[in-house]
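# Summary of structural features
The lines below spell out each chain.
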Amino acid sequence: MTDGVTLRAHKGTLMPLSIGVIGSGTVGQVLAAGYAGKGHAVTIGTRSPEKLAAWQQAHPGVKVDSVASAAGADIVFIAVAGHAAIEAVALAGTALAGKVVIDACNPISGPPVNGFLPYFTGPNDSLMERLQNQAPAARFVKAFSCVGNAHMIDPSFPGGRPTMFICGNDPAAKAAVTTLLDEVGWDAEDVGSVEMARAIEPLCQLWCATGFLGRGWNHAFKLVRTS
Ligand SMILES: NC(=O)c1ccc[n+]([C@@H]2O[C@H](COP(=O)([O-])OP(=O)(O)OC[C@H]3O[C@@H](n4cnc5c(N)ncnc54)[C@H](OP(=O)(O)O)[C@@H]3O)[C@@H](O)[C@H]2O)c1
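This write-up is about the structure you can find in this document.

What counts and what doesn't
Here the residue index of a chain counts from 1 through its sequence in written order. It should be noted that, the model being predicted, local features are given only for residues of pLDDT at least 70 and side-chain atom pairs only at 80 or more, the latter also being counted only at that level, while totals for whole chains, interfaces and linings use all residues. Side-chain descriptors were evaluated using all non-hydrogen atoms of the structure, hydrogens and water having been removed beforehand. By definition, two strands form a pair when at least two bridges between them are found by DSSP. Only DSSP runs of H or I with at least four residues qualify as helices, and only runs of E with at least two residues qualify as strands; both kinds are numbered from the N terminus onward. The angle between two axes is taken between their N-to-C directions and runs from 0 to 180 degrees, where each axis is a line fitted to C-alpha atoms and a helix contributes only its stretch in contact. Here a residue-residue contact requires only that any non-hydrogen atoms of the pair lie within 4.5 Å. For this purpose, a residue is taken to be near a molecule or strand whenever a single non-hydrogen atom of the residue falls within 4 Å of it. Any pair of N or O atoms that falls within 3.5 Å is considered a polar contact. Within protein, one atom must be able to donate a hydrogen and the other to accept it, and sequence-neighbouring residues count only if both atoms are side-chain atoms. Shrake-Rupley sampling with a 1.4 Å probe provides the accessible areas, and residues are treated as covered by the protein chains on show and by no other component. The method works on a 1 Å grid over the protein atoms by themselves. A cavity is a set of points holding a 1.4 Å probe that cannot get out, a pocket is an open set with protein on both sides within 12 Å along at least five of seven lines, and residues with an atom within 4 Å of a point line them. To qualify as sitting in a cavity or pocket, a molecule needs more than half of its atoms within 2 Å of the grid points. Polarity classes work like this: nonpolar for Ala, Val, Leu, Ile, Met, Phe, Trp, Tyr, Cys and Pro, charged for Asp, Glu, Lys and Arg, and polar for all others, with Gly in that last group. Aromatic pairing here means that ring centres of Phe, Tyr or Trp (its six-membered ring) are within 6.5 Å. Orientation follows from the plane angle: under 30 degrees is stacked, over 60 is edge-to-face, and everything else is tilted. A simple rule labels every residue: compare its accessible area, found with a 1.4 Å probe on the protein chains alone, to the largest value its type can have, and call it buried under 20%, exposed over 50%, or partly exposed in between. Orienting the strands away from the viewer, one traces the path from the first strand over the helix to the second; a clockwise path indicates a right-handed crossover. For the purposes of this section, nonpolar cores are sets of buried Ala, Val, Leu, Ile, Met, Phe, Trp, Tyr and Cys residues that join through side-chain atoms within 4.5 Å. In a helix, the anticipated span is given by 1.5 Å times the number of residues less one. Every angle not falling under 35 degrees, over 145, or within 65 to 115 is termed oblique; those three ranges are roughly parallel, roughly antiparallel and roughly perpendicular. Left-handed describes a crossing in which the near helix is turned anticlockwise from the far one by less than a right angle; the clockwise case is right-handed.

### Notes on the sheet that holds strand β6 (residues 75-78)
Working definition: the strands of a sheet are paired by backbone hydrogen bonds and lie parallel or antiparallel to each other. Reading across the sheet, the six strands line up as β5-β4-β3-β6-β7-β8 and stay open at both edges, with parallel pairing between neighbours. With partners counted over all chains shown, the strands left at the sheet margins are β5 (62-65) and β8 (139-142), one partner each. For this sheet, the mean angle separating the axes of adjacent strands, direction not counted, is 25 degrees. The pairing of strand β3 (residues 18-22) with strand β4 (residues 41-45) spans five bridges and is classified as parallel. Counted as the bridge partner of Ile 22 is Gly 45 from β4. Helix α2 (residues 26-37) contacts β3, β4, β5 and β6 of the sheet and is inclined by roughly 165 degrees relative to β4.

### A look at the site of the ligand
Lining the immediate environment of the ligand, one finds 25 residues, of which Ser 24, Thr 46, Arg 47, Lys 51 and Val 80 sit closest. Here an oxygen atom of the ligand sits 3.5 Å away from a polar atom, N or O, in the main chain of Gly 82. Within the backbone of Asn 106, one N or O atom sits 3.1 Å away from an oxygen atom of the ligand. Here the ligand loses 77% of its free accessible area of 890 Å² to cover by the protein chains. With respect to the pocket detection grid, the ligand is positioned in the largest pocket. Classifying every residue of the shell around the ligand by side-chain character gives eleven nonpolar, eleven polar and three charged.

### Some thoughts on the packing of aromatic side chains
Overall, the coordinates contain four aromatic pairs when judged by the stated rule. With a centroid separation of 6.0 Å and 55 degrees between ring planes, the pair formed by Phe 77 and Phe 144 is classed as tilted. Here Phe 77 is found in strand β6, whereas its partner Phe 144 is found in the loop between β8 and β9 (163-166), with 67 residues between them in sequence. The exposure class assigned to Phe 77 is buried, which follows from its relative accessible area of 0%. Their ring planes at 85 degrees and their centres at 5.5 Å tell us that Phe 212 and Trp 217 sit as a pair that is edge-to-face. Among the aromatic residues, those joined into a ring-pair cluster are Tyr 35, Phe 77 and Phe 144.

### Re unusual backbone geometry
Not every positive phi belongs to a glycine, and Asn 114 is a case in point at roughly 50 degrees. Turning to its location among the elements, Asn 114 is positioned in the loop between β7 (100-103) and α6 (127-134). Of note in the backbone geometry, Phe 144 takes a positive phi value of approximately 70 degrees without being a glycine. When its relative accessible area of 2% is taken as the criterion, Phe 144 is described as buried.

### Points about the pairing of β3
Counted residue by residue, β3 has four buried out of five residues, so it is predominantly covered. For the crossover from β3 across α2 to β4, the handedness is right-handed. Bridge count for β3 against β6 is four bridges, and the pairing is parallel. By the bridge assignment for β6, Ile 22 is matched with Ile 78.

### Brief notes about the nonpolar core
Membership of the largest hydrophobic core comes to 66 residues, with the highest contact counts inside it found for Ile 19, Ile 22, Tyr 35, Ile 102, Phe 144 and Met 164. Of the residues forming this core, the biggest block, five residues, is contributed by helix α7 (residues 171-183). Apart from residues no more than four positions distant in its own chain, Tyr 35 is found in contact with Ile 19, His 40, Val 42, Phe 77, Phe 144, Ile 153, Leu 180, Leu 181, Glu 183 and Val 184.

### Here we look at α2
Between its first and last C-alpha, α2 extends 16 Å over twelve residues, near the 16 Å set by a 1.5 Å rise per residue. Along α2, the residues classified as buried are Gly 28, Leu 31, Ala 32, Gly 34, Tyr 35 and Ala 36. Residues of α2 that are buried sit in contact with β3, β4, α3 (53-58), β5, β6 and α7. Phi turns positive, to about 100 degrees, at Gly 39, one or two residues after α2.

### Section: the packing of helix α5 (residues 85-92) against α6
Two elements in contact, α5 and α6, have axes separated by 10 Å at closest approach and are oriented at 25 degrees. Considering their axes alone, α5 and α6 lie roughly parallel with respect to each other. With respect to the hand of their crossing, α5 and α6 are arranged in right-handed fashion. Of the residues in α6, those touching α5 at Ala 85, Ile 86, Val 89 and Ala 90 are Leu 127, Arg 130, Leu 131 and Gln 134.

Spelled out as structure tokens, the structure:
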């Protein structure tokens, strides 16, 4: 199966895509502004576009519209509160069928307890599996869930490009997301099928732990290996 990204990649640079970002919080704003800054046509989808009026004025390259409008883009990000992800996918409806859908959400259920962020999913379960089951024709890929929003776009670390672990059932969708990650400064590491979200989503708990221990929020994961 082909898709917009693989079709439009040319000499290492992506031709402009239409990108929808369902999510009006900090992550939605950062991803939308970041990909708009790379030349893509980005629409943020929210139930309440008016709440981003001031932000939109400061980011004229991003359109702010309904969830349905964002879901109509070539590539769609889901970046909503974990407890709202099922509802957001329901609002997007059949527009997600066949699309690459990038899931940046974490199933956080409450504040940290002794530095550990509780999840509403269990160890043999994940939020992205629930979303994939809900919208089986969408081509979900987990990405961006295990790093703070300040480092999502063009991260700069002394150790070089960090690693974004990704997973999903559709190889072409993962290839597309690998290209999109590369465009904003990340090396993707494909770790397998949608079930691997059970391992990727807890990376957020690990990423946050060092922050809760007072070591700041300026870190990211990097996979190192010998050849
Ligand atoms: N903050 C970070 O640095 C970071 C890093 C990695 C991953 N994440 C994950 O990214 C996601 C977004 O995080 P965030 O901090 O940007 O925002 P957030 O405050 O967790 O979520 C805001 C979004 O959730 C939506 N929402 C809330 N309740 C809803 C409901 N009942 N139905 C539909 N939508 C609802 C809002 O939609 P409306 O616009 O329609 O109101 C809004 O778009 C979360 O899952 C988070 O765990 C966050």
